[in-house]
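Secondary and tertiary structure notes
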Amino acid sequence: MHEMSLAESVLKIVDAAAASQGFERVTEIRLEIGALSGVEIDAMRFCMDAVLRHSLAEGAGVVFEIVPGQGWCMQCGDNVEIGALYDPCPRCGSYQVQPTGGTEMRVKNLLVE
Ligand SMILES: [Zn+2]
């Protein structure tokens, strides 16, 4: 499952931050998820619960912030907002839209003790 390896990489980031910043507990993890990243929020939530068990972030709240998808429409020659990968341009209906933003997932913020 794609989300499981993502969740594991989030835990690695948390562990690395704990090692460099010297905190011992994480109470909240804030993740930014692009609307075009292909990440399923429900699956991601489930996988985060699984990987955080017995970690320094066990029981931490996981907050998801959805970043809207952005694309470059070749017909309009302009940036447009798109809701999902392979969606047509909302202005002209063209499918020649190149995703330019909202395609990634990243750890935005950690609340620690
Ligand atoms: Zn367009």
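The structure contained in this document is the topic of the report that follows. The shown structure was predicted, so the numbers you read here are calculated from the model rather than taken from an experiment.

Definitions and limits used
- Residues numbered from 1 in each chain as written.
- Predicted model: local features only at pLDDT ≥ 70, side-chain atom pairs only at ≥ 80, totals over all residues.
- Heavy atoms only, no water.
- Salt bridge = Lys/Arg side-chain N within 4 Å of Asp/Glu carboxyl O.
- Helix = DSSP H or I, 4+ residues; strand = E, 2+ residues; numbered from the N terminus.
- Donors = N, O, S within 2.8 Å, 3.2 Å for Na, K, Ca; no water.
- Tetrahedral: all angles 85-135°; square planar, octahedral: opposite > 155°, others 65-115°.
- Buried < 20%, exposed > 50% of the residue type's maximum accessible area, 1.4 Å probe, protein only.
- Pairing = 2+ DSSP bridges.
- Axes fitted to C-alpha atoms, helices over the stretch in contact; angles between N-to-C directions.

1. Focus on the pattern of salt bridges
All told, the structure shown has 6 salt bridges when counted by the stated rule. A salt bridge links Arg30 to Glu65; its shortest N-O distance comes to 2.8 Å. With Arg30 in strand β1 (residues 26-34) and Glu65 in strand β2 (residues 61-67), this residue pair connects regions lying 35 residues apart in the sequence. Between Lys108 and Glu65 there is a salt bridge whose closest N-O contact spans 2.9 Å. On the criterion of sequence distance, the pair formed by Lys108 in strand β6 (residues 105-112) and Glu65 in strand β2 is long-range, its members being 43 residues apart.

2. Quick word on the coordination of the zinc ion
On the protein side, the zinc ion has Cys73 (SG), Cys76 (SG), Cys89 (SG) and Cys92 (SG) as donor atoms, found 2.2 to 2.4 Å from it. Geometry at the zinc ion is tetrahedral, judged from its 4 donor atoms and the angles of 104 to 114 degrees they form at the metal. In primary-sequence terms, the residues that donate to the zinc ion follow C-x2-C-x12-C-x2-C. Of this pair, Cys73 sits in strand β3 (residues 69-73) while Cys92 sits in the loop between β4 (78-82) and β5 (97-101), and the two are 19 residues apart along the sequence. The class for Cys73 is buried, based on a relative accessible area of 0%.

3. Things to note about unusual backbone geometry
Unusually for a residue other than glycine, His54 sits at a positive phi of about 65 degrees. Following the sequence through the fold, His54 ends up in the loop between α2 (41-52) and β2. Given the relative accessible area of 73%, His54 is considered exposed. Even without being glycine, Tyr86 reaches a positive phi, approximately 70 degrees. Within the secondary structure, Tyr86 is located in the loop between β4 and β5.

4. Remarks on the sheet that holds β3
Hydrogen bonds between backbone atoms are what pair the strands of a sheet, whose relative direction is either parallel or antiparallel. Taken in spatial order, the 3 strands of this open sheet run β4-β3-β5, and their pairing is antiparallel. Single-partner strands in this sheet number two, and they are β4 and β5. Looking at each pair of strands side by side, their axes are set apart by 40 degrees on average, direction ignored. Of the strand pairs in this sheet, β3 and β5 are connected by 4 bridges, and their pairing is antiparallel. By the bridge assignment for β5, Gln70 is matched with Gly101.

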